[in-house]
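If you want the building blocks of each chain, they are given just below.
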Amino acid sequence: MPNQASESNTYRGRYSEPVPTSNLVNDENDFPEFEPFDEEATPRGHAPVGAPLSVQNVDMCQPINKPDHRTTFYDIQNLVVRRGQEFVIRISFSRPLTQGDDFQIEFLIGSNPSPSKGTLVVVTCTSRRGGPWSGRILEMQAESVVVGITPTADAIVGKFRTYVAVVTGNGLQRTKRDTMTDMYLLFNAWCPEDIVFLPDEQERREYVLNDCGVIYQGSAGAVTHRNWVYGQFERGILDACIYILDASRMPIYNRGNAIKLVRKGSAMLNSQDDNGVLVGNWSDDYSMGTAPTSWTGSIKILLQYANTGIPVCFAQCWVFAGVFNTFLRCLGIPARVITNFSSAHDNTGNLKTDLIFKADGTPDRRHTRDSIWNYHCWNEVCLMRPDLPPGLGGWQVVDATPQETSDGHFRCGPSSVAAIKEGLICHPFDCGFIFAEVNSDVVFHKRDRYGTLSPFRVDKTHVGQAICTKAVGSNAPSDITNTYKFHEGSSEDERTMARAEEYGCERDHSELSEPQMAVTITAAQVQLSQDVNLVVDFQNQGELPRTVQAHLAGSVIFYTGVTSNHFKDQDFTVTVPPQQTERVMLKVTAQEYLPHLGSQLCLHFVVTGQADDQSLTAIKVLYLQTPGLTMTVSGPPHVQREMFVNVSFTNPFNFPLQNVNLCMEGPGLMSFKTRFYSVINPQASISWNESFIPRLDGQRRLVAVMDCTNLHQVFGEVDLVIQPIAAA
């Protein structure tokens, strides 16, 4: 870990001491081994009879505690436990305890620990009053004593130092500083008193313990997915997550508050204004770092940031969401990655996304400021919200992708999903922004030569078409749209929209006549380098035939809806009989779009038309499908037994693939590995064999990603079940 900045010296005149903000770096000699009592605090009891009592050993009982606290998977030498639940330690004394003996266990976190701030906790096992954590003696055998300790359900989360102090006649005699007795305390989704409590066991296994996931991409009509390795249990990740909080200078005493912690995490996962973890980049130039499409998961990113203190290049929304999910699950907070298809990004903070067209019907990119992302990924965390009215706890939106500032920082949430559904956007934090992302009306405007805008169509169903997340216990998508919004056009939906408007979100109230003509575009899924066949249907609901002067515009776009390259313009005319539909087939050849793709795989088609005084518009987003990697495993599927994986790929295209990077990893199976190929010629194949030794048992997954100059988002995965070590 890089050296943390020393505790601030700017506290003088505001605080009596600096505010402690560093968990991982602090004074190792923070407690004297012997601390005399204040004169007035000298105990009046009889001195213990016999030899003086001292501590010989402190055993953190990891084989007992880790399974009980579901922390066995953490690849770390120290004990990891969850708050609000009892754990045990075994203390070996120099002799058996007698009635006059007294001792206490002390837990410290950060610098200048203080009982009043919860950063110094004293646990006693007698009638003598201690701190807020409870302690009890569970077992005494000769010199050995087993003590049960229960941290409070709102205790500070992080890395604690542990001491045992024996009460002598005139003071406290402590154990020496021992890093092996340091203990990590996490949030506890299994504890009903913890703010992050999640009642369903299957959901807890998915949203806290699952270390590999699926993130959905594409478009509402053609959902694609990519695997993401969260890896929250891998070596160094827990310390990396605590380092992020240290780098944020979040006061230690606030780190038991899950609401404050996830809000701070939302800010720190991006580098925009606080030198956080990831640098966003939505261009086609990733020469100064790693392309967002190249990452396999969070582990490499978090370790690189923790080891250097320098923001990691580069990320887009799914990378921010994937790494944030690791951070949250690692600290024990139930979390999941959400994908909102057709996600509005409105720069004016209202419920209107304005798309502007020129007088001839072609898109006016210069004057269109709002954008509709094909998809946008954020996170949800499960939190009680004691700061909000009843019923607004449960899943909360948090978003680390830097879009707009919130209280001066690029962060978003936590926003109650229940509040968003009801239009209660007055509640903290950022509910109005999320509400607009899933509920905006798309308003189509015609701009005349004088710059005047005239709305000609309003689409109330395009934004927030589908909102999904990985299903519990499976890799299939689970549609959770109904948790964010009522059915479009229902009375509940109208009530919600009206309520949101009362709280300041302006809606569109354009009064447009019922259109006589409509147009739609459909297209089948297409593999990269195949021709695209667009089906354009013009529907005439009037009593007279209508002739449409139509235009097709084709572009390569970023998934944010921003145009990367415009490659096609085609005018055509169609006459539609009354009460009928006329179909036009339009072919877009691979030769037309391939030279313009760059690193993008998304084609955007807009058909506009003019029929007498009516303007028509239809939009189609098409994701080009890429080939996959083939992965096979061999060898005995047992913990600590060598296995082998093979990754192969054949180039199906008629062009060579240049500068090919192939990466692979699997949590609990294999650390990050990479291979480089300068070129893969047409119809040529590559094959990569790698050995690995599983660390963890159970359902496991290996993930591979291939990325090169002229082909991106090529994925592969293989699932396997690892058996535990056979009993001797």
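Look up: the structure comes first, before these words.
**Q** Pulling in residues and values, what's your account of the overall build of the chain?
**A** Each helix and strand in the chain was counted, giving eleven helices and 41 strands. Its C-alpha atoms give the chain principal-axis dimensions of about 110 × 60 × 45 Å. For the chain, buried positions account for 56% of its 728 residues. With 59 positive and 79 negative side-chain charges, the chain shows a spacing of 3 Å between the two charge centroids.

**Q** Please provide a residue-by-residue account of the environment of His566, values included.
**A** Tracing the sequence through the fold places His566 in strand β31 (residues 563-576). Linking His566 and Lys460, residues 106 residues apart in sequence, is a C-alpha distance of 27 Å. Every residue in contact with His566, bar those within four places of it in the chain, is listed here: Arg365, Ala553, Gly554, Ser555 and His596. At a separation of 3.2 Å, a polar atom in the side chain of His566 contacts the main-chain carbonyl oxygen of Lys568. A polar contact is formed between the side chain of His566 and the side chain of Asp569, at a distance of 2.7 Å.

**Q** Can you break down the packing of aromatic side chains residue by residue, with the values?
**A** The final tally for this structure, using the stated rule, is 22 aromatic pairs. With a centroid separation of 6.1 Å and 80° between ring planes, the pair formed by Phe87 and Phe107 is classed as edge-to-face. Residue Phe87 is located in strand β4 (residues 87-93), and its partner Phe107 is located in strand β5 (residues 103-108); the two are separated by 20 residues in the primary sequence. Aromatic pair Phe107 and Trp133: ring centres 5.1 Å apart, planes at 35°, arrangement tilted. On the criterion of sequence distance, the pair formed by Phe107 in strand β5 and Trp133 in the loop between β6 (120-124) and β7 (134-141) is long-range, its members being 26 residues apart.

**Q** Please provide a residue-by-residue account of the nonpolar core, values included.
**A** Core analysis: the biggest nonpolar cluster contains 102 residues, and Phe327 and Tyr484 have the highest contact counts within it. Met517, Leu534, Phe649 and Leu662 belong to the second largest nonpolar core, which has 62 residues in total.

**Q** Lay out the pairing of strand β11 (residues 183-186) with the relevant residues and their values.
**A** Here β11 shows a buried face lined by Met183 and Leu185 and a second buried face lined by Tyr184 and Leu186. Strand direction decides the pairing type here: strand β3 (residues 79-82) and β11, joined by four bridges, are parallel. Looking at the pairing, Leu79 lines up with Met183 of β11. When strand β9 (residues 158-167) meets β11, the two strands line up antiparallel, connected through three bridges. Paired with Phe160 across the strands is Met183, a residue of β11.

**Q** Got a sec to walk through the pairing of strand β18 (residues 371-383)? Specific residues and values, please.
**A** Across the 13 residues that make up β18, a large majority, 13, are buried. Where strand β16 (residues 335-345) and β18 come together, ten bridges link them in antiparallel fashion. Bridge pairing in β18 links Ala344 to Ile372. Here five bridges tie β18 to strand β19 (residues 394-398), and the two strands are oriented antiparallel to one another. Each bridged residue has a counterpart across the sheet, and for Cys382 the counterpart in β19 is Trp395.

**Q** Give a description of the sheet that holds strand β35 (residues 630-634) that names residues and reports values.
**A** Within a sheet, neighbouring strands are paired by backbone hydrogen bonds and run either parallel or antiparallel to one another. Strand order in the open sheet formed by three strands is β35-β36-β39, with antiparallel pairing between adjacent strands. At either end of the open sheet lies a strand with only one pairing partner, and these are β35 and β39 (685-692). Geometrically, the sheet is characterised by an average inter-axis angle of 15° between neighbouring strands, direction not taken into account. The sheet contact formed by strand β36 (residues 643-650) and β39 spans eight bridges and is antiparallel. Note that in β39 the partner of Thr650 across the bridge is Ser685.

**Q** Help me get a handle on the layout of surface pockets, residues and values and all.
**A** The calculated volume of the largest pocket comes to roughly 950 Å³. Lining the largest pocket are 43 residues; nearest its centre among them are Leu355, His462, His604, Ile619 and Val621. Looking at the lining of the largest pocket, the elements that each hand over two or more residues are β17 (352-357), β18, β23 (441-447), β24 (453-459), β27 (517-523), β30 (546-557), β33 (602-611) and β34 (614-625).

**Q** Tell me what's going on with the side chain of Lys470, and back it up with residues and numbers.
**A** Here Lys470 is to be found in strand β25 (residues 466-470). Among the polar contacts made by the side chain of Lys470, one reaches the side chain of Glu206 at a distance of 2.9 Å. Among the polar contacts made by the side chain of Lys470, one reaches the main-chain carbonyl oxygen of Ser474 at a distance of 2.8 Å. Ignoring sequence-local partners within four residues, the contact set of Lys470 consists of Glu206, Tyr207, Asn210, Gly213, Val214, Tyr216, Asn475, Ala476 and Ser478.

**Q** Can you tell me about the sheet that holds strand β29 (residues 532-540), naming the residues and giving the values?
**A** Taken in spatial order, the three strands of this open sheet run β27-β29-β32, and their pairing is antiparallel. Lying at the two open borders of the sheet, with one neighbouring strand each, are β27 and β32 (580-588). Here the average twist between neighbouring strands, direction ignored, is 20°.

**Q** So, the pattern of salt bridges: which residues are in play, and what are the values?
**A** All chains considered together, the criterion is met by 32 salt bridges. Between Arg695 and Asp75 there is a salt bridge, and its shortest N-O distance comes to 3.8 Å. Here the residue Arg695 occupies a position in the loop between β39 and β40 (698-708), and Asp75 occupies one in the loop between α1 (62-68) and β3, the gap between them amounting to 620 residues. For Arg695, a relative accessible area of 27% puts it in the partly exposed group. With a shortest N-O distance of 2.8 Å, Asp182 and Arg177 are connected by a salt bridge. Each of the salt bridges in this network shares a partner with another, and the network as a whole consists of Asp75, Glu234, Arg235 and Arg695.

**Q** Tell me what's going on with empty space enclosed by the protein, and back it up with residues and numbers.
**A** Applying the stated rule across the entire model yields five cavities of 30 Å³ or more. Taken as a whole, the largest cavity encloses approximately 70 Å³ of empty space. Residue lining of the largest cavity: Glu206, Tyr207, Asn210, Cys212, Gly213, Val214, Tyr230, Arg329, Arg336, Val337, Thr469 and Lys470, and that is the complete set. Taken together, the elements giving at least two residues each to the lining of the largest cavity come down to α2 (201-209), β12 (212-219), β16 and β25. At three residues, β12 tops the list of elements feeding residues into the lining of the largest cavity. Each residue belonging to the lining of the largest cavity can be placed in one class, and the counts come to five nonpolar, three polar and four charged.

What counts and how
- Starting afresh in each chain, residues are numbered from 1 along the sequence in its written order.
- Under the rules for a predicted model, residues below a pLDDT of 70 receive no local features and side-chain atom pairs below 80 are neither given nor counted, while totals for whole chains, interfaces and linings still include all residues.
- Only hydrogens and water are removed before side-chain values are computed, so all heavy atoms of the structure are retained for them.
- Numbering of helices and strands starts at the N terminus; helices are DSSP runs of H or I of at least 4 residues and strands are runs of E of at least 2.
- Categorising residues by exposure relies on relative accessible area from a 1.4 Å probe, with only protein chains included: less than 20% of the type maximum marks a residue as buried, more than 50% marks it as exposed, and the intermediate range marks it as partly exposed.
- Only four residue types enter the tally: Lys and Arg on the positive side, Asp and Glu on the negative side, with His and both chain ends excluded.
- Where a charge sits is defined by one atom per residue type, namely NZ (Lys), CZ (Arg), CG (Asp) or CD (Glu).
- We call two residues in contact whenever any of their non-hydrogen atoms come within 4.5 Å of each other.
- Under this definition, polar contacts are N or O atom pairs within 3.5 Å; protein pairs additionally need one hydrogen-donor-capable and one acceptor-capable atom, and for neighbouring residues in sequence, both atoms have to be side-chain atoms.
- Working definition: rings of Phe, Tyr and Trp (its six-membered ring) pair if their centres are within 6.5 Å, and the pair is stacked with planes under 30 degrees apart, edge-to-face with planes over 60 apart, and tilted otherwise.
- As used here, the term nonpolar core means buried Ala, Val, Leu, Ile, Met, Phe, Trp, Tyr and Cys residues forming a set that is joined through side-chain atoms within 4.5 Å.
- When DSSP finds two or more bridges between a pair of strands, those strands are recorded as paired.
- Between the N-to-C directions of two axes lies an angle of 0 to 180 degrees, each axis being a line fitted to C-alpha atoms and, for a helix, fitted only over the stretch in contact.
- With a 1 Å grid spanning the protein atoms alone, the term cavity applies to any set of points in which a 1.4 Å probe fits but cannot get out, the term pocket to an open set with protein on both sides within 12 Å along at least five of seven lines, and the term lining residue to any residue with an atom within 4 Å of a point.
- Grid points are joined across faces, edges and corners, and a volume is the space filled by probe spheres set on the points.
- By convention in these notes, a salt bridge is any Lys or Arg side-chain nitrogen within 4 Å of a carboxyl oxygen on Asp or Glu.
- Charged residues are taken to be Asp, Glu, Lys and Arg, nonpolar residues to be Ala, Val, Leu, Ile, Met, Phe, Trp, Tyr, Cys and Pro, and polar residues to be all remaining types, Gly included.

Without other data, these values stay purely geometric and don't point to any function.
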